Amino acid sequence: MRIDALSWMTGTEAGPADRWEHAGYLFDSGDPAGAATVLAELVAEEPEAAAVRLLLARAYYHSAQLGRAETELRELVRREPADGYAHLLLGRTLQRRSRHDEAAPHLRLAEAMGVSAG
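Source: prediction; values computed, not measured.

K.L.:
What am I meant to see in the overall build of the chain here?
P.N.:
Along the backbone of the chain there are 7 helices and 0 strands. Relative to its 118 residues, the chain shows a buried fraction of 39%. Summed over its atoms, the accessible surface of the chain is roughly 6,900 Å², and 52% of this surface lies on carbon and sulfur atoms.

K.L.:
When you look at the packing of aromatic side chains in this model, what are you seeing that I'm missing?
P.N.:
Centre-to-centre distance and the angle between the planes together describe a pair of aromatic rings. In the structure shown here, the tally under the stated rule is 0 aromatic pairs. Its guanidinium or amino end placed over the ring of Tyr61, Arg96 lies 4.6 Å from that ring's centre, counting from NZ or CZ.

K.L.:
Would you explain helix H2 (residues 16-28) in this entry?
P.N.:
The α-helix advances 3.6 residues per turn, and as a result positions three or four apart in sequence lie on the same side. In this model, H2 (13 residues) spans 18 Å end to end at C-alpha, consistent with the 18 Å of a helix rising 1.5 Å per residue. Three or more residues of H2 are buried, namely Arg19, His22, Ala23, Gly24, Leu26 and Phe27.

K.L.:
Would you mind going over the side chain of His87 with me for this structure?
P.N.:
Along the chain, the position of His87 falls in helix H6 (residues 84-96). Those residues in contact with His87, other than ones at most four positions away along the chain, are Val77, Pro81, His106, Leu107, Leu109, Ala110 and Met113.

K.L.:
Which parts of the structure should I look at to understand helix H3 (residues 32-45)?
P.N.:
For H3, which comprises 14 residues, the first-to-last C-alpha distance of 20 Å matches the rise-based estimate of 20 Å (1.5 Å per residue) to within 8%. Among all positions of H3, only Pro32, Gly34, Ala35, Ala36, Val38, Leu39, Leu42 and Val43 are buried.

K.L.:
Explain the environment of Thr71 here, please?
P.N.:
Topologically, Thr71 is positioned in helix H5 (residues 66-79). A relative accessible area of 52% means that Thr71 is categorised as exposed. With 14 residues separating them in the primary sequence, Thr71 and Ala57 have C-alpha atoms 8.3 Å apart.

K.L.:
Explain unusual backbone geometry to me, please; I cannot follow it from the model alone.
P.N.:
Note on backbone geometry: most residues besides glycine have negative phi, and most peptide bonds are trans. Unusually for a residue other than glycine, Ala64 sits at a positive phi of about 60°. Tracing the sequence through the fold places Ala64 in the loop between helix H4 (50-62) and H5. Positive phi values are uncommon outside glycine, yet Ser98 reaches one of about 60°. The topology assignment puts Ser98 in the loop between H6 and helix H7 (100-112).

K.L.:
Help me understand the environment of His62, please; the structure alone is not making it clear to me.
P.N.:
Here His62 is to be found in helix H4. Along the backbone, His62 and Ala33 are 29 residues apart, and their C-alpha atoms lie at a distance of 8.0 Å. In this structure, His62 is in contact with Phe27 and Pro32, ignoring residues within four places of it in sequence.

K.L.:
Looking at this structure, how should I read the side chain of Thr93?
P.N.:
Take Thr93: it is sitting in helix H6. Excluding residues that lie within four positions of it along the chain, Thr93 makes contacts with Tyr61, Leu66, Ala69, Glu70 and Leu73.

K.L.:
Sorry, what's going on with the pattern of salt bridges here?
P.N.:
A side chain with one charge may pair with a side chain of the opposite charge, provided their charged atoms come close. All chains considered together, the criterion is met by 10 salt bridges. Salt-bridge contacts for Arg78 lead to Glu75; the nearest nitrogen and oxygen are separated by 2.6 Å. Highlighted residues: Arg78 and Glu75, both in helix H5, separated by 3 residues, approximately one helical turn. A relative accessible area of 57% places Arg78 in the exposed class. Note that Glu102 is salt-bridged to Arg99, the shortest N-O span being 2.9 Å. The network of salt bridges with shared partners includes Glu70, Arg74, Arg97, Arg99 and Glu102.

About the cut-offs
Counting from 1, residues in each chain are numbered in the order their sequence is written. With the structure being a predicted model, the display of local features is reserved for residues of pLDDT at least 70 and the display and counting of side-chain atom pairs for 80 or more, all residues being used for whole-chain, interface and lining totals. The side-chain numbers reported here are obtained from all heavy atoms of the structure, hydrogens and water having been left aside. Secondary structure is summarised from DSSP: a helix means a run of H or I of at least four residues, a strand means a run of E of at least two, and numbering begins at the N terminus for each. Relative accessibility thresholds used throughout: buried, under 20% of the residue-type maximum; exposed, over 50%; partly exposed, between the two (1.4 Å probe, protein chains only). To be clear on the numbers: accessible area is Shrake-Rupley with a 1.4 Å probe, and residue cover counts the displayed protein chains and nothing else. Stacked, tilted and edge-to-face are the three classes assigned to paired rings of Phe, Tyr and Trp, where Trp is represented by its six-membered ring and a pair needs centres within 6.5 Å; plane angles under 30 degrees give stacked, over 60 edge-to-face, the rest tilted. Whether a charge sits over a ring depends on NZ of Lys or CZ of Arg being within 6 Å of the ring centre and within 35 degrees of the ring normal. Here, expected helix span is obtained from the residue count minus one, scaled by 1.5 Å. Any pair of residues with heavy atoms lying within 4.5 Å of one another is described as a contacting pair. Every case where a carboxyl oxygen of Asp or Glu lies within 4 Å of a side-chain nitrogen of Lys or Arg is listed as a salt bridge.

Below, the structure is given as structure tokens:
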């Protein structure tokens, strides 16, 4: 059941926390594209929410929306340069786009910060 349907049935509107939880459920259930739809709305409402932006980037990455993933990750590393996981995911995204030279510095930074895919 979709969360907006549940909200309609209860006569309430789904708030940001409910939509965040729903997006996490969709992502964990193997529907990253569905999660991305919910998360994109949340990022538009709360652009400073790093955790939401990171999950959106992951959802884009796992649904092969690599251009969108790259955009979100570049914004995230601009805002949060010490986020090793964001650098790792940006590096992996660039690798999947066959841009290995651009990926290398982000992968090195992630490794130096103690974050690895292994």
